[in-house]
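Descriptive structure summary
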Amino acid sequence: MLLPLVYHENYSCPFPENHRFVMSKFVRLHDYLKAKGMIKANVFRPKPATIEDLSIAHSNDYLAQMVRNQLDEKTWRRVGLPWSQGLIDRTLTAPNGTLLAAKLALKYGIASHLAGGTHHAHYDFGSGFCMVNDLAYTALSLLNEKQVERVLIFDLDVHQGDGTAAILANEKRAFTCSIHCQKNFPFRKSQSDLDIGLVNELGDDDYLSVVEQALTKLIAEQQPDIVLYDAGVDVWQEDVLGRLSISWQGMKRRDHLVLTTCLANKIPVATVIGGGYDKDHQRLAQRHAIVVETAFSLYQEQQLSLNC
């Protein structure tokens, strides 16, 4: 079997082409991976979540108003996305995509979701292009179902995972780590279990040293049953919302470091793509593909070693 991938065709809903959030990146990522021979019978399709499902991480009132387009204009401005039924359909589906990827990782060791990382969504409001927090929802669902006892959310998006930190603040079985550019959105940050704020224009070697030290320390201390890895590509040096100076090769080294560290410690890891912003939509999809390509290669190596 090839690397388990999770995807739904509603992820790229009809959307303004010139919007800063690149909605087409999900289908572009899927099609890019398919052209590379990484997609065959290894794609799993999530079912939409219900309001009741999502209420494990969010307010029922907020979810109901979001689905019915009853949120006020100020609240929608904070989200930054125009309401549509297509947007709601994908918003209800993607959290179950991350949950499905996590369950596949528990079974196969590693799995990748071709979406996810909506870490700015809070308990009762959306923010920064995020309406439902798939990472918090997945962690709480796995814990509630007794699939795991300890979850580590390792968030390497360039922006702090403020919503994830706030939702999980009182959940001792879920550890939130955010390594982000300090002088960047959100400007009012929540408190993760571990926050590492990076200076503007930080380069590859210093960045990778921080990532390696943090992950190694957390795995030893927390001994998680699963890692949910947010592999945001807005750390790239040319990302329009980034402010770090990580090269394309640096992102590859980062993803290889995170995934090999988890696998070497026999900890299942599920990847989500996180944020990334680029006027070149195809180039953005290929940046998001880095973590999936890395996971694909490592999974193939793992299968080969098991069959030897």
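The paragraphs below set out a description of the structure included in this document.

Definitions and limits used
Residues numbered from 1 in each chain as written. Predicted model: local features only at pLDDT ≥ 70, side-chain atom pairs only at ≥ 80, totals over all residues. Heavy atoms only, no water. Salt bridge = Lys/Arg side-chain N within 4 Å of Asp/Glu carboxyl O. Helix = DSSP H or I, 4+ residues; strand = E, 2+ residues; numbered from the N terminus. Buried < 20%, exposed > 50% of the residue type's maximum accessible area, 1.4 Å probe, protein only. Pairing = 2+ DSSP bridges. Right-handed = clockwise from strand over helix to strand, strands pointing away.

**Focus on the pattern of salt bridges**
It is possible for side chains bearing opposite charge to pair when their charged atoms get close. Considering all chains together, one arrives at ten salt bridges under this definition. Notably, a salt bridge pairs D205 with R253, separated by 3.3 Å at the nearest N-O pair. Note that D205 is positioned in helix α8 (residues 204-222) and R253 in helix α9 (residues 248-264), a separation of 48 residues in sequence. Residues K217 and E221 are paired through a salt bridge, measuring 2.9 Å at the closest nitrogen-oxygen approach. Of this pair, K217 and E221 are both found in helix α8, four residues apart, which corresponds to roughly one turn of the helix.

**Things to note about the pairing of strand β8 (residues 269-272)**
Alternating residues of β8 divide into V269 and T271 and A270 and V272, and every residue in both groups is buried. Both strand β3 (residues 110-113) and β8 contribute to a ladder of three bridges, which runs parallel. Looking across to β8, one finds that I110 is bridged to V269. Across four bridges, strand β7 (residues 226-230) lies against β8 in parallel orientation. Bridge assignment links V227 to a residue of β8, and that residue is V269. With α9 bridging β7 and its parallel neighbour β8, the resulting β-α-β unit is right-handed.

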